[in-house]
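Spelled out from the first residue to the last, the chains are:
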Amino acid sequence: MIEQFLEKFENIGKNNLHLYFITRVLKPNIKKRAKILDKYDFEIYQVDIDKEIAKHLHEISIKQLEYVSKKQLDVTEYEAITDDTKQIFTYDASNKAMSFLDVVQNKLKNKSKIPKVNNLTEIVNSEELWAYSVGFFDKNQDWIYTFRKILKGKVAVDEETNNKKKLFGSFRTKFNTESNKLEILKGETINLDERIDCIYFENIFYIFQKTQFEQITGLTEEFKEHAETIADELIATDMFDGMDLLKKQIQETPAVHKKLVRLKKINNYQNLTEKSLNKMIKIAKRYGGKLKKNNGKIVIENEKDIDLTIKVLVDFYKTGEFSGKPYGTFSGKELTANK
């Protein structure tokens, strides 16, 4: 598929592209307790660009695809947790409930309704500049979109408060190689990274930068909400003591979010019994860990206990069928073995 994309981009004219800025904006009259994914809308703006920028954006896309093609990376379906991130992941956007998808499934299809950027400062003062996208179209008007997350430090606009310049601030400069002088750089500036996070084509994302894709689409925030729900479900089993530490860790340590999402997919924590807890303790001990039980519950006293409990429940510890060697990994796809 990557080779097909590369061929498409090479055949698309350098001027057959549009640049879009995507912003995230808080919905009006939103309640404080509303879920994060329900709090935001995404808006999109078209940006007029000159031929030099268009040529550069075109070249960036080709270079990225050439690099990926030479690496001959495996293409695999997206999973929240994977052992090897040096892959191309595919994410089918069909039947997914995600605010960001309104951009690709609706707003980009109605290009005549997309407003143009006239004043970047006005937009940034009221909305969060979230990502940029380059839309490429061929002679058949088939569109391919690339996306890249925009970091806050990449944008520079005039700092104003109540239409008055700040008393103390900063100013942007550039070194003119023709005059050999440092000059003030006037106007609004934005750095466009020479990298693509993902490509969107026919309702499927092809992901090169997994973390950035999760940030763009809001999956990162979705993981946190799922983690909070799963923590409540673990507490509801009444088989664990000290789970307030897990709730605290979810707020402070994003790394635990995906592990709990994985646990939800495995679903090993339903219908736990005292026999199940004894098995957990035995498995932990086999691999050098220690889980404690008191009054018929696994006792959670620190982050180490949380990590070990999740590892056991999520089948982190695995054994190779051929070698018989033990392995540790949060990833893995359940298989049906022939008897």
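Residues numbered from 1 in each chain as written. Predicted model: local features only at pLDDT ≥ 70, side-chain atom pairs only at ≥ 80, totals over all residues. Heavy atoms only, no water.

Novice: Requested: an account of helix α11 (residues 303-313), with residues and values cited.
Specialist: Within α11, eight of the eleven residues are buried, which leaves the element mostly enclosed by the surrounding structure. Here α11 has its buried residues at Asp 305, Ile 306, Leu 308, Thr 309, Ile 310, Lys 311, Val 312 and Leu 313. At the N-terminal boundary of α11, the capping side chain belongs to Asn 302, with an oxygen 3.1 Å from the backbone nitrogen of Lys 304. Among the residues trailing α11, Asp 315 stands out with phi positive, at a value near 60 degrees. (Buried < 20%, exposed > 50% of the residue type's maximum accessible area, 1.4 Å probe, protein only. Helix = DSSP H or I, 4+ residues; strand = E, 2+ residues; numbered from the N terminus. Polar contact = N/O pair within 3.5 Å; in protein donor to acceptor, adjacent residues only side chain to side chain.)

Novice: Describe helix α8 (residues 244-252), and please don't skip the residues or the numbers.
Specialist: Turning to α8, its buried residues are Leu 246, Gln 249 and Ile 250. Along the long axis of α8, the arc covered by the buried residues comes to 105 degrees, so they all point the same way. Pointing more than 90 degrees away from the buried face of α8 are the exposed residues Asp 244 and Glu 252. Residues of α8 that are buried in the fold lie against α7 (219-236), α9 (255-266) and α11. (Arc of directions from axis to C-beta. Contact = heavy atoms within 4.5 Å.)

Novice: How would you sum up the packing of helix α1 (residues 2-11) against helix α3 (residues 51-71)? Please name residues and give values.
Specialist: Two elements in contact, α1 and α3, have axes whose closest approach is 9 Å; the angle formed by their N-to-C orientations is 155 degrees. With respect to each other, α1 and α3 are oriented roughly antiparallel. For the element pair α1 and α3, the recorded crossing hand is left-handed. Where α1 abuts α3, its residues Ile 2, Glu 3, Phe 5, Leu 6, Phe 9 and Glu 10 lie against His 58, Ser 61, Ile 62, Leu 65, Glu 66, Val 68 and Ser 69. (Axes fitted to C-alpha atoms, helices over the stretch in contact; angles between N-to-C directions. Parallel < 35°, antiparallel > 145°, perpendicular 65-115°, else oblique. Left-handed = near helix turned anticlockwise from the far one by under 90°.)

Novice: Give me the lowdown on the side chain of Asp 305, citing residues and values where you can.
Specialist: In this structure, Asp 305 sits in helix α11. One buried charged residue, Asp 305, forms no salt bridge at all, with the nearest opposite charge on Lys 292 at 5.3 Å. Dropping the residues within four chain positions of it, Asp 305 is found in contact with Lys 290, Leu 291, Val 299 and Ile 300. (Lys, Arg positive; Asp, Glu negative; His and termini not counted. Salt bridge = Lys/Arg side-chain N within 4 Å of Asp/Glu carboxyl O.)

Novice: Tell me what's going on with the sheet that holds strand β17 (residues 297-299), and back it up with residues and numbers.
Specialist: If you walk across this open sheet you meet the three strands as β15-β17-β16, and the pairing is mixed. Looking at the sheet topology across the chains shown, the edges are occupied by β15 (240-241) and β16 (292-294). Two strands pair when backbone bridges link them, and β15 and β17 are joined in this way by two bridges, in the parallel orientation. What sits directly across from Asp 241, in β17, is Val 299. (Pairing = 2+ DSSP bridges.)

Novice: Tell me about unusual backbone geometry, and name the residues and values.
Specialist: Despite not being glycine, Gln 72 shows a phi value in the positive range, around 50 degrees. Looking at where Gln 72 falls in the secondary structure, it is placed in the loop between α3 and β3 (75-77). Taking relative accessible area as the criterion, Gln 72 reaches 68% and is therefore assigned exposed. At Asp 238, a residue that is not glycine, the phi angle is positive and equals roughly 60 degrees. Looking at the secondary structure, you find Asp 238 in the loop between α7 and β15. Under the relative-accessibility criterion, Asp 238 is labelled partly exposed at 47%.

Honestly, that's just the spatial picture; any functional story needs more than this.
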